[in-house]
Amino acid sequence: MLCPFRQACRHACGDSALPLAPGRLRLRAGDVLYTQGRPALAVYPVRTGGLKQVYESRLGWRQVSGFYQCGDVCGLEANEPATHNASAVALQDTECCAIPIEALHGSLADPGLRTAILANLRRQANRQAELLVAIGSMKASQRLAMLLLDLAAEQVRRGITDGGLTLAMTRNDIASYLGLTLETVSRLLSRFRSVGLITVRHRKLRIVDPDGLADVHADPDRVALRESVE
């Protein structure tokens, strides 16, 4: 787990005066960690499992706007809003730490923690920027290839290099996140599989040809994504 708070927590368990003593929360699939519009009183590093971020507009439509995996921090925002900008919902059985905002502020004097938090925020901002570009200008196949490559890169960052992904999110969640329909996501996964880019078994997905998937991301017209014959 690559939690940005891990070093500070080690200090807090020793002789350091850092006031960081996180609590623990356990969630089941579908449980809400926090709700959009409620006061932002803590941040939540993910220890196990995963969550999705769900934004609800004033008009009532909902969209998945992000996914959190082990080592990510739910509720951590660059502008420190007084209320949560979106809700966080567990995708599976999940365990999080809970660090009160006051404790977080008290620990920012530690340069190592401050650097780790800024790196986390930059990575989060970059992923959001890529999503906006994808939804605004990319074809459906490029969007899905982008997501799979991003998830694979996050696995590598965590030290997992076998190419396997366990998709905690549903295909509905993926469709909402990428601005696509469920039918389009299902059809594209079948096409990616039929041309040998991936294998899929239930929620277990393996990237067989990462270079080919990167080609789809760069230019889908370069790859023949024929219909699955299965």
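An unreviewed UniProt entry lists the protein under the name Crp/Fnr family transcriptional regulator, with Cupriavidus pauculus given as the organism.

Draft legend 1. Molecular detail of the sheet that holds strand 4 (residues 51–56). Taken together, the four strands give an open sheet; going across it, the order is 2-7-4-5, and neighbouring strands pair in antiparallel fashion. Each edge of the sheet is formed by a strand with only one pairing partner; in this case those strands are strand 2 (32–34) and strand 5 (62–68). Here the average twist between neighbouring strands, direction ignored, is 30°. The strands touched by helix 5 (residues 171–178) are strand 4 and strand 5; relative to strand 5, the strand with the most contacts, the crossing angle is about 105°.

Draft legend 2. How the structure looks around the packing of helix 4 (residues 140–157) against helix 6 (residues 182–194). Across the interface, helix 4 lies against helix 6 with an axial gap of 10 Å and an inter-helix angle of 75°. Here helix 4 is positioned roughly perpendicular relative to helix 6, judged by the angle of their axes. Together, Ala140, Ser141, Leu144, Ala145 and Leu148 of helix 4 and Thr184, Val185, Leu188, Leu189 and Phe192 of helix 6 make up the contact between the two elements. Considered class by class, the residues forming the contact of helix 4 with helix 6 number eight nonpolar, two polar and no charged.

Draft legend 3. Quick peek at the packing of helix 4 against helix 5. Axis separation between helix 4 and helix 5 bottoms out at 10 Å; the angle between their running directions is 115°. Between helix 4 and helix 5, the angle falls in the class roughly perpendicular. Seen from above, helix 4 lies across helix 5 with right-handed handedness. The segment helix 4 lies against helix 5, with Arg143, Leu144, Met146 and Leu147 engaging Ile174, Tyr177 and Leu178.

Draft legend 4. Structural view of the pattern of salt bridges. This structure, assessed with the given rule, holds eight salt bridges. Here Glu95 ties to Arg26 by a salt bridge, and the two come within 3.7 Å at their closest N and O atoms. Here Glu95, found in strand 8 (residues 94–100), pairs with Arg26, found in strand 1 (residues 23–27); they are 69 residues apart in sequence, far enough to count as distant. Residue classification places Glu95 among the buried residues on the basis of a relative accessible area of 13%. The exposure class of Arg26 is exposed, given its relative accessible area of 65%. Here Asp93 makes a salt bridge to Arg28, at a shortest N to O gap of 3.9 Å. With Asp93 in the loop between strand 7 (87–90) and strand 8 and Arg28 in the loop between strand 1 and strand 2, this pair connects stretches of sequence that are 65 residues apart. Each member of the salt-bridge network shares a partner with another, and the members are Arg24, Arg26, Arg47 and Glu95.

Draft legend 5. View of the environment of Leu180. With respect to the helices, strands and loops of the structure, Leu180 is situated in the loop between helix 5 and helix 6. Between the C-alpha atom of Leu180 and that of Arg143, which follows or precedes it by 37 residues, the distance is 9.0 Å. Other than its neighbours up to four places away in sequence, Leu180 contacts Ala140, Arg143, Ala175 and Val185.

Draft legend 6. Representation of the pairing of strand 11 (residues 204–207) in the model. Taking every second residue as pointing to the same face, the buried face of strand 11 carries Leu205 and Ile207, while none of Lys204 and Arg206 on the other face is buried. Pairing between strand 9 (residues 164–166) and strand 11: three bridges, direction antiparallel. Opposite Gly164, over in strand 11, you have Arg206 as the bridge partner. Pairing between strand 10 (residues 198–201) and strand 11: four bridges, direction antiparallel. Counterpart to Arg201 in the pairing with strand 11 is Lys204. Between strand 10 and strand 11, which pair antiparallel in sequence order, lie two residues; one of them, His202, sits at a positive phi of approximately 60°.

Draft legend 7. Up close: the sheet that holds strand 6 (residues 73–74). Spatial strand order, 1-8-3-6: four strands in an open sheet with antiparallel pairing. Strand pairing shows two members of the sheet lacking a second neighbour, strand 1 and strand 6, which therefore form its edges. Pairing of strand 1 with strand 8 involves five bridges; the strand directions are antiparallel. Directly across from Arg26, in strand 8, lies its bridge partner Glu95.

Calculation rules
Residues numbered from 1 in each chain as written. Predicted model: local features only at pLDDT ≥ 70, side-chain atom pairs only at ≥ 80, totals over all residues. Heavy atoms only, no water. Pairing = 2+ DSSP bridges. Helix = DSSP H or I, 4+ residues; strand = E, 2+ residues; numbered from the N terminus. Axes fitted to C-alpha atoms, helices over the stretch in contact; angles between N-to-C directions. Contact = heavy atoms within 4.5 Å. Parallel < 35°, antiparallel > 145°, perpendicular 65-115°, else oblique. Nonpolar A, V, L, I, M, F, W, Y, C, P; charged D, E, K, R; others polar. Left-handed = near helix turned anticlockwise from the far one by under 90°. Salt bridge = Lys/Arg side-chain N within 4 Å of Asp/Glu carboxyl O. Buried < 20%, exposed > 50% of the residue type's maximum accessible area, 1.4 Å probe, protein only.

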